[in-house]
Amino acid sequence: MGLLLSELGAYICGFAHAPAGTKRISNLLRSKKWESKLVDNFLFAKAKERIRDLQARGLRPLLLWDDSRIEKPESWFMEGLCSVESSKGKRLTKIKKGFYHPPASRICVPGFHWTATMVSALGEIPSVCQMSWWTSRGKYKELASNIMFRMLKKLNKSLIVKVLHVLDRGYASAWTIEWMMHFEQDFLVRWKKNILLIHPQKGTKQTHQIARYLKSSARKVVLDTQRKITKHIGIAFCAVIHPEFPDKELYLIVVRDKKGRQAPMYLLTCCIVLSNKDAWQMLHSYMHRWNIEQTFRVGKAELGLESPRLWFWENRLKLMAIVTLVYDFLLSMLRNWSSFIPILLKNWCHRTGNRYRNASIPIYRLRLAISNCLNALIHLSITQNSG
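Remember, it's a predicted structure, so these values are computed and weren't measured experimentally.

**Student:** Which parts of the structure should I look at to understand the packing of aromatic side chains?
**Tutor:** By the definition in use, this model includes ten aromatic pairs. Residues Phe-149 and Phe-183 carry aromatic rings whose centres are separated by 5.3 Å and whose planes lie at 70 degrees to one another, so their mutual orientation is edge-to-face. In this pair, Phe-149 is assigned in helix H5 (residues 144–158) and Phe-183 in the loop between helix H6 (174–182) and strand E6 (186–191), connecting sequence segments 34 residues apart. For Phe-149, a relative accessible area of 32% corresponds to the partly exposed category. Put simply, the rings of Phe-149, Trp-175, Trp-179 and Phe-183 pair up and form one aromatic cluster. Positioned above the aromatic ring of Phe-44, the side-chain terminus of Lys-154 is 4.4 Å from the ring centre. Between the NZ or CZ atom of Lys-220 and the centre of the ring of Trp-280, over which it lies, the distance is 4.3 Å.

If you want it as structure tokens, here you go:
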């Protein structure tokens, strides 16, 4: 139900000895002999091995970036809380046809920020590279740009293999390009339509104005697996220059929905795009970024990261780092035990339905199947002992 120590303690020592289990977990989290950085270093070392393995198999490693937030609207005195925009409030205040217009468009609540980085490749199941929780206020104040700076610095020092950093619109800025160039990293970022770029023939214009001159050079019918609809999309690309980096040639990719269900999507990359094949590969690489959105959803809804019940900042980071290990373990099972997982799901978490309900990464069912299997084994052991 949540990361409540008294509840977790009951699972460790049994419900009859829940206080003893709670004390064990509490002592582990309060211990001064280890820090949450220990888990961060372990995950980063595994991420480096995964990147080398993907490169050896001829796949381009992708480093997926995104930000979220942990909302604690009922909290006041926990360490590390800052003001974060409420995604729940944003959904509730979204204008819906036929209903009352909400009085506020932006709601902020106490909480802290969450930056995640995942390693993956096209057609592959991701793995955790780094999970960072940070606050913008108080004793543990941090800046979002520092998280990326430290990560890029570690990658530049410890890896010879280049990875493709895939980022969403929140990273569409000049400082992202500057740091990627400084640390010699490839990037693919979803660009904003009103940012100025320089076209070789048309001059300095906003991104959407440059896109008007580009005709689709290729078209394809694709299935949107998230919305369960078929899309007729066209793609176009051209070389551009950012005004603050006149010596660096970039490439703008424009993706259009022919039936107009969605606005055009703009992608900016430093990778050379000279053919339709290169442009489609960039598009598929960006669409693969949806896996990190699922990471936030699983962490909050299934693993209890939305409700860490701890007062002190460092203790909270330790508990969430342990939960991150659990999540990475589940992903590793899906990657390495692909023949065994269907049997486990069929016997311990059976579900009926059509093919659209079968998830490509069944993390929810896997966690529940393991839980059901362990509970059955415990019940069988108790029955045999009592008999």
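**Student:** Please clarify how helix H8 (residues 276–287) should be interpreted in this entry.
**Tutor:** Quick reminder: α-helices carry 3.6 residues per turn. Residues three or four places apart thus point the same way. For H8, which comprises twelve residues, the first-to-last C-alpha distance of 16 Å matches the rise-based estimate of 16 Å (1.5 Å per residue) to within 8%. Where H8 is concerned, the buried positions are Ala-279, Trp-280, Met-282, Leu-283, Ser-285 and Tyr-286.

**Student:** How should helix H2 (residues 18–30) be read in this particular structure?
**Tutor:** Here H2 spans 18 Å end to end across 13 residues, near enough to the 18 Å set by a 1.5 Å rise per residue. The set of residues buried in H2 consists of Ala-18, Gly-21, Thr-22, Ile-25, Ser-26 and Leu-29. Looking straight down H2, one finds its buried side chains confined to an arc of 135 degrees; they lie on one side. Structural note: H2 exposes Pro-19, Lys-23 and Arg-24 on the side pointing more than 90 degrees away from its buried face.

**Student:** Help me out: how do you make sense of the confidence of the model for the protein in this one?
**Tutor:** The predicted coordinates of low-pLDDT regions are not to be read in fine detail. Looking at the protein as a whole, the pLDDT averages 87, with 94% of positions reaching at least 70. Mean pLDDT per element in the protein: helix H4 (residues 87–92) is the minimum at 78, and E6 is the maximum at 96.

**Student:** Quick question: what am I supposed to make of the domain arrangement of the protein here?
**Tutor:** For interface size, the figure often reported is the accessible area lost on association. Partitioning the protein into structural domains gives domain 1 (1–33), domain 2 (35–336) and domain 3 (338–386). For domain 2 and domain 3, the distance between their C-alpha centres works out to 31 Å. Contact residues are listed per partner, giving 16 residues for domain 2 and ten residues for domain 3. Between domain 2 and domain 3, a total of about 1,300 Å² is buried, with carbon and sulfur atoms accounting for 76% of that surface. Viewed at the interface, domain 3 and domain 2 are joined by one salt bridge.

**Student:** What should I look at first to understand the side chain of Gln-130 in this one?
**Tutor:** By secondary structure assignment, the location of Gln-130 is in strand E4 (residues 127–134). Among the residues examined, Gln-130 registers a relative accessible area of 11% and is labelled buried. For Gln-130, the side chain forms a polar contact with the side chain of Ser-132, separated by 3.3 Å.

**Student:** Can you walk me through the packing of H2 against helix H10 (residues 313–336) in this structure?
**Tutor:** Two quantities define a packed helix pair, namely the angle between the axes and the distance from one axis to the other. As a packed pair, H2 and H10 sit with axes 8 Å apart at the nearest point and diverge in direction by 110 degrees. Relative to H10, the element H2 is oriented roughly perpendicular. In this structure, H2 crosses over H10, and the sense of that crossing is right-handed. Only Asn-315, Lys-318, Leu-319 and Ile-322 of H10 make contact with H2, whose side of the interface consists of Leu-28, Leu-29 and Arg-30. In the contact of H2 with H10, the residues fall into four nonpolar, one polar and two charged.

**Student:** Would you mind going over a nonpolar patch on the surface with me for this structure?
**Tutor:** A surface patch of nonpolar side chains, about 650 Å² in accessible area, is lined by Trp-76, Phe-77, Trp-311 and Phe-312. Note that Phe-77 resides in the loop between strand E1 (62–71) and strand E2 (82–85).

Each value, and the rule that gives it
- Residues numbered from 1 in each chain as written.
- Predicted model: local features only at pLDDT ≥ 70, side-chain atom pairs only at ≥ 80, totals over all residues.
- Heavy atoms only, no water.
- Phe/Tyr/Trp six-rings, centres within 6.5 Å; stacked < 30°, edge-to-face > 60°.
- Helix = DSSP H or I, 4+ residues; strand = E, 2+ residues; numbered from the N terminus.
- Buried < 20%, exposed > 50% of the residue type's maximum accessible area, 1.4 Å probe, protein only.
- Lys NZ or Arg CZ within 6 Å of the ring centre and 35° of its normal.
- Expected span 1.5 Å × (residues − 1).
- Arc of directions from axis to C-beta.
- pLDDT = per-residue confidence, 0-100.
- Domains from an automatic or database assignment.
- Contact = heavy atoms within 4.5 Å.
- Buried area = accessible area lost by both parts, 1.4 Å probe.
- Salt bridge = Lys/Arg side-chain N within 4 Å of Asp/Glu carboxyl O.
- Polar contact = N/O pair within 3.5 Å; in protein donor to acceptor, adjacent residues only side chain to side chain.
- Axes fitted to C-alpha atoms, helices over the stretch in contact; angles between N-to-C directions.
- Parallel < 35°, antiparallel > 145°, perpendicular 65-115°, else oblique.
- Left-handed = near helix turned anticlockwise from the far one by under 90°.
- Nonpolar A, V, L, I, M, F, W, Y, C, P; charged D, E, K, R; others polar.
- Patch = residues over 30% accessible without salt bridge, like charges linked within 9 Å, V, L, I, M, F, W, Y side chains within 5 Å.
- Areas by Shrake-Rupley, 256 points an atom, 1.4 Å probe, with all protein chains shown as cover.

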